[in-house]
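Structure at a glance
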Amino acid sequence: MTTVDPGRDAMAGLGETPSDDDNSDLRSLVADLGARSRDRLTGQRSRPARLDEVLWANLEETGLSRLTTTVDFDAGPAQAAVLLSELAGFACPVPIAETDLLAAWLSAKTASVVPESGPLTVGFGIASEDGDTLTATVDDVPWAADCAAVLLVLERDEGRFITVIDPSAHPLSTTDSLASEPRGRIDVSVRRDDCTELPAPVYAELIRRGAWARCLQTMGSLQSTMELTVSHTRERQQFGRSLSKFQSVQHQLAAMAGSLEKGRASVALAVAAADDMGFGADETDFAVAVAKVTLGHCVDDIVSSAHQLHGAIGVTAEHSLWLHTMRARSAIGEYGSPRRWSEKLGSRLLAAGNPWDVLTASIDADSAEDAKGAHVG
């Protein structure tokens with residue numbers, strides 16, 4: 001079977017043109033690493049996916065594995081956005097968001113000790129208490145078996161606690177996500193004294209960071225989905241002409257492009273908010289909610305149309321389309337589904353003194369404070 005993968009042009013930026021992209025060098029570097037990973041793994045993908053150790057070594061060598069948490073780099077959300085979206089566009093099997101944006105940041109905020117190299121990840125679970133010991137079964141931990149350490153957020157009635165474990169020292173089984181990425185199930189038993197209480201604002205920012213990262217990764221996957229679909233409809237012949245010459249196909253492609261731009265605009269807002277005001281800001285929380293809800297609609301529209309235009313070939317494991325569509329569907333549901341984030345927007349609207357300010361993205365400090373109750377887990 002001949003697969004269709006024309007390659008992936010580097011995204012010109014979230015709302016930027018190549019001429020005004022301050023991160024063009026970073027984008028080129030990441031695109032090169034991503035393309036090499038894609039080419040190396042073509043025809044060798046497995047379920048669940050295996051960590052691309054060559055790519056991870058390259059990310060560590062260049063410092064990209066902990067880009068925003070290495071002080072000397074002076075990198076922030078704008079640079080993280082480039083890294084996340086580009087690697088997602090090549091369906092690179094590495095826990096880049098989990099390591100840098102989540103685990104390394106969280107370890108610094110809580111003074112937790114983690115290895116200086118190697119992948120990191122974060123897991124969430126409900127703990128029970130037996131004397132001075134907390135026990136829990138933590139499900140759906142991304143890349144758990146491949147990581148040097150796992151930061152576990154354990155929830156109890158009196159609050160949340162964080163502890164760092166070596167996953168190889170605990171019973172662990174592996175399944176996979178919709179995107180075929182590995183998800184670990186870990187049985188843990190840790191002393192209460194080895195845990196640190198996790199303040200509510202830090203937990204809220206952790207969830208916001210995770211949702212933000214998944215929005216960027218979703219956008220990268222949708223970009224590649226669009227490019228593959230455009231290429232396929234140009235090359236596929238039916239009744240003596242390419243599919244893209246048919247008016248109905250052109251209308252469908254135009255609708256996909258419009259949905260993609262809508263999603264890109266919402267993600268650009270989230271990136272700008274995080275870069276200007278930080279992940280802890282209420283404005284960023286609002287922008288992430290908007291991006292999550294908007295991308296939820298975009299994923300449904302773009303993925304459905306892409307598979308329809310590809311026909312049966314697009315659902316085969318040999319074709320690269322499913323790598324991107326399934327990753328988009330998987331990523332958009334993590335760190336809070338679009339529905340959960342839409343409920344947050346609704347709570348903000350109901351609590352606002354002037355709902356119009358919320359609808360026009362003018363943050364009301366008083367209503368923002370009232371709406372903070374519903375953290376998305």
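These numbers were taken from a predicted model, which means no experiment stands behind them. Residue positions are given per chain, counted from 1 along the sequence in the order it is written. The predicted origin of the model limits local features to residues at a pLDDT of at least 70 and limits the giving and counting of side-chain atom pairs to 80 or more, whereas totals for whole chains, interfaces and linings rest on all residues. With hydrogens and water set aside, each side-chain value is computed from the structure's full complement of heavy atoms.

1. Here we look at the state of the cysteines
- The term disulfide is used for any two cysteine sulfur atoms that are within 2.5 Å. Going through the model one piece at a time under the given rule, you end up with zero disulfides.
- Distance from the sulfur of cysteine 92, which forms no disulfide, to the nearest cysteine sulfur (cysteine 147) is 16 Å.
- Each residue gets one of three labels from its accessible area relative to the maximum for its type: buried under 20%, exposed over 50%, partly exposed in between, using a 1.4 Å probe on protein chains only. Residue classification places cysteine 92 among the buried positions, given a relative accessible area of 7%.
- The closest cysteine sulfur to the non-disulfide-bonded cysteine 298 is located on cysteine 215, 10 Å from its own sulfur.
- Since its relative accessible area comes to 0%, cysteine 298 is described here as buried.

2. Details of a nonpolar patch on the surface
- A cluster of nonpolar side chains, Leu349, Trp356 and Leu359, forms an exposed patch at the surface whose accessible area comes to about 350 Å².
- Each helix is a run of H or I in the DSSP string that is no shorter than four residues. Each strand is a run of E no shorter than two, and both are numbered from the N terminus. Position of leucine 349 among the secondary structure elements: in helix α9 (residues 338–351).
- Judged by its relative accessible area of 30%, leucine 349 is partly exposed. Patch construction takes residues with relative accessible area above 30% that form no salt bridge. Like charges are linked within 9 Å, and nonpolar side chains (Val, Leu, Ile, Met, Phe, Trp, Tyr) are linked within 5 Å. Exposure was quantified through the Shrake-Rupley algorithm and a 1.4 Å probe, taking into account, for residues, occlusion by the shown protein chains and nothing else. We count a salt bridge whenever a side-chain nitrogen from Lys or Arg sits within 4 Å of a carboxyl oxygen from Asp or Glu.

3. Focus on the environment of glutamine 223
- Turning to its location among the elements, glutamine 223 is positioned in helix α5 (residues 200–235).
- Here glutamine 223 falls in the buried class, since its relative accessible area comes to 11%.
- In sequence terms glutamine 223 and glycine 89 are 134 residues apart; their C-alpha atoms lie 6.8 Å from each other.
- Separated by 2.8 Å, the side chains of glutamine 223 and glutamate 227 make a polar contact. Definition of a polar contact: a pair of N or O atoms within 3.5 Å, with one able to donate and the other able to accept a hydrogen when the atoms are protein atoms, and with sequence-neighbouring residues admitted only if both atoms are side-chain atoms.

4. Some words on empty space enclosed by the protein
- The method works on a 1 Å grid over the protein atoms by themselves. A cavity is a set of points holding a 1.4 Å probe that cannot get out, a pocket is an open set with protein on both sides within 12 Å along at least five of seven lines, and residues with an atom within 4 Å of a point line them. Grid points are joined across faces, edges and corners, and a volume is the space filled by probe spheres set on the points. All chains considered together, the criterion is met by three cavities of 30 Å³ or more.
- Of the voids in this model, the largest cavity is the one considered here, and its volume is about 230 Å³.
- What lines the largest cavity is a set of 23 residues, and nearest its centre among them are Ala88, Cys92, Glu181, Gln217 and Arg327.
- At the level of elements, α3 (77–89), α4 (96–109), α5 and α8 (321–332) are the ones that each hand at least two residues to the lining of the largest cavity.
- Tallied by class, residues from the lining of the largest cavity come to 13 nonpolar, four polar and six charged.
- Roughly 40 Å³ of internal volume is contained in the second largest cavity.
- What lines the second largest cavity is Leu67, Thr68, Ala80, Leu83, Leu84, Ile96, Ala97, Asp100 and Leu101.
- Secondary structure elements with two or more residues in the lining of the second largest cavity: α3 and α4.
- Ranked by residue count, the leading element in the lining of the second largest cavity is α4, at four residues.
- For this scheme, ten residues count as nonpolar: Ala, Val, Leu, Ile, Met, Phe, Trp, Tyr, Cys and Pro. Four count as charged, namely Asp, Glu, Lys and Arg, and the remainder, Gly too, count as polar. Residues belonging to the lining of the second largest cavity are distributed by class as follows: seven nonpolar, one polar and one charged.

5. Quick word on the pattern of salt bridges
- According to the stated counting rule, one finds 25 salt bridges in the structure shown.
- Arginine 214 is the salt-bridge partner of glutamate 334, the closest N and O atoms lying 2.6 Å from each other. With a gap of 120 residues between them, glutamate 334 in the loop between α8 and α9 and arginine 214 in helix α5 connect regions that are remote in the sequence. Of the two residues, glutamate 334 and arginine 214, neither departs from the other in class, the shared state being buried.

6. Details of the UniProt feature "domain: Acyl-CoA dehydrogenase/oxidase C-terminal" (unreviewed entry) in the protein
- UniProt positions are given in the numbering used here, feature names are shortened, and annotations may be inferred rather than shown by experiment. Within this numbering scheme, the UniProt entry marks residues 208–330 as carrying the feature "domain: Acyl-CoA dehydrogenase/oxidase C-terminal" (unreviewed entry).
- Within residues 208–330, the helical portion is 80% and the strand portion 3%, while the C-alpha atoms at the span's ends are 17 Å from each other.

7. Observations concerning the nonpolar core
- Counting residues in each nonpolar core, the largest one holds 85 residues, and the members touching the most others are Leu59, Val94, Leu106, Trp212 and Leu222.
- Beyond its immediate chain neighbours, meaning those up to four positions away, tryptophan 212 contacts Pro77, Ala80, Ala81, Leu84, Leu101, Ala270, Val271, Ala274, Phe279 and Val288. Nonpolar core, defined: a set of buried Ala, Val, Leu, Ile, Met, Phe, Trp, Tyr and Cys residues in which side-chain atoms within 4.5 Å join the residues together. Here, two residues are considered to be in contact whenever any of their heavy atoms come within 4.5 Å of each other.

8. Observations regarding the environment of valine 114
- Along the polypeptide, valine 114 turns up in the loop between α4 and β1 (120–126).
- Note: C-alpha distance between valine 114 and threonine 294 (180 residues apart in sequence) is 35 Å.
- Setting aside chain neighbours within four positions, we find valine 114 in contact with Arg66, Ser107, Leu120, Leu151 and Val164.

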